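# Observations on the three-dimensional arrangement
Each chain, letter by letter, is given below.
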Amino acid sequence: MDQIKIGKFIAELRKERGLTQRELADLLAISDKTVSKWERGSGLPEVSLMLPLCKELGITVNELLSGKRLEAFEYQQNAEANIMKLINEKEETKRKIILAVIVVFITLLAGISLLLVSELAELPDDWRIALVVIALVVIFGGCGVAATLEMTSGAFECAKCGERFIPTAGAYIMGMHTITRRYLKCPKCGKKSWCIRRMSITPDE
Ligand SMILES: [Zn+2]
């Protein structure tokens, strides 16, 4: 989804109808901050708001997600592509997280096996040291790959303002975390909070 394009399209249609952000927000019973967020391209409308929004703007959901008015011949094509994009984003996140777990499991298993061999087998000292070094490289390398996969899947949601964002590598690695939450600084409101992991950067869950 091209959120910037969709945002510009919403703003354009709103102005065509002579509505302020506030007036459009009132029609949808939401805050004008939400409308402003859509128009800046930093969030898509929740699925439950898509139909009412499209009704107010005089377009279809398909046109909203395409970020432009569609000719009849483009319609079917875009409808299918848009549905697939909404589904794929979440599927890919799930796949990456599963892959990260598998990578950690395999590298830990391989690393621990190497460490055991280096301890238990009758080996010259320099072989023993080499095995320990290889084991550590495998374990750290695997954890690095897994962390990268995990970092680039889905997004984190600020507990203070609800903004969804992808953290920087530094912030991600240094941040304290549990399985589903991570202590991060929000790029929008600047506050630190226990941000929850979301499957998609688009708030539609
Ligand atoms: Zn925030």
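Residues numbered from 1 in each chain as written. Predicted model: local features only at pLDDT ≥ 70, side-chain atom pairs only at ≥ 80, totals over all residues.

Attention now moves to the domain arrangement of the protein chain. Domain annotation of the protein chain identifies domain 1 (3-70), domain 2 (88-151) and domain 3 (155-198). Using only C-alpha atoms to locate each centre, domain 1 and domain 2 end up separated by 47 Å. (Domains from an automatic or database assignment.)

Attention shifts here to the sheet that holds strand 3 (residues 181-185). Across the sheet, which stays open at both edges, the four strands sit in the order 2-1-4-3 with antiparallel pairing between neighbours. What marks the edges here is a single partner per strand, and that holds for strand 2 (164-165) and strand 3. Inspection of the sheet shows strand 3 paired to strand 4 (residues 192-198) by five bridges, in the antiparallel sense. By the bridge assignment for strand 4, R181 is matched with I196. (Pairing = 2+ DSSP bridges. Helix = DSSP H or I, 4+ residues; strand = E, 2+ residues; numbered from the N terminus.)

Mapped onto the fold, R95 is located in helix 6 (residues 72-120). When the 12 C-beta atoms within 10 Å are taken as the criterion, R95 is described as exposed. Put simply, R95 and S153 are 58 residues apart on the chain and 8.9 Å apart in space, counted from C-alpha to C-alpha. (Buried ≥ 20, exposed ≤ 12 C-beta atoms within 10 Å, placed from the backbone.)

Okay, the pairing of strand 4 next. Two elements, strand 1 (residues 155-157) and strand 4, share three bridges in a ladder whose sense is antiparallel. If you follow E157 over to strand 4, its bridge partner there is I196. Between strand 3 and strand 4, which pair antiparallel in sequence order, lie six residues; one of them, G190, sits at a positive phi of approximately 75 degrees.

Here the focus is unusual backbone geometry. Peptide bonds are, in most cases, trans, and in most cases residues other than glycine have a negative phi. You will see that A29, though not glycine, has its phi angle at about 55 degrees, which is positive. When you line up the elements, A29 lands in the loop between helix 2 (21-28) and helix 3 (32-40). In this structure A29 comes out as exposed when scored by C-beta crowding, with 8 C-beta atoms within 10 Å.

Here helix 1 (residues 3-16) crosses helix 3 at 125 degrees, and the two axes come no closer than 6 Å. The angle between helix 1 and helix 3 places the two elements in the oblique class. Judged by residue contacts, G7, I10 and A11 of helix 1 engage W38, E39 and R40 from helix 3. Residues of the contact of helix 1 with helix 3, tallied by class, amount to three nonpolar, one polar and two charged. (Axes fitted to C-alpha atoms, helices over the stretch in contact; angles between N-to-C directions. Parallel < 35°, antiparallel > 145°, perpendicular 65-115°, else oblique. Contact = placed C-beta atoms within 7 Å. Nonpolar A, V, L, I, M, F, W, Y, C, P; charged D, E, K, R; others polar.)

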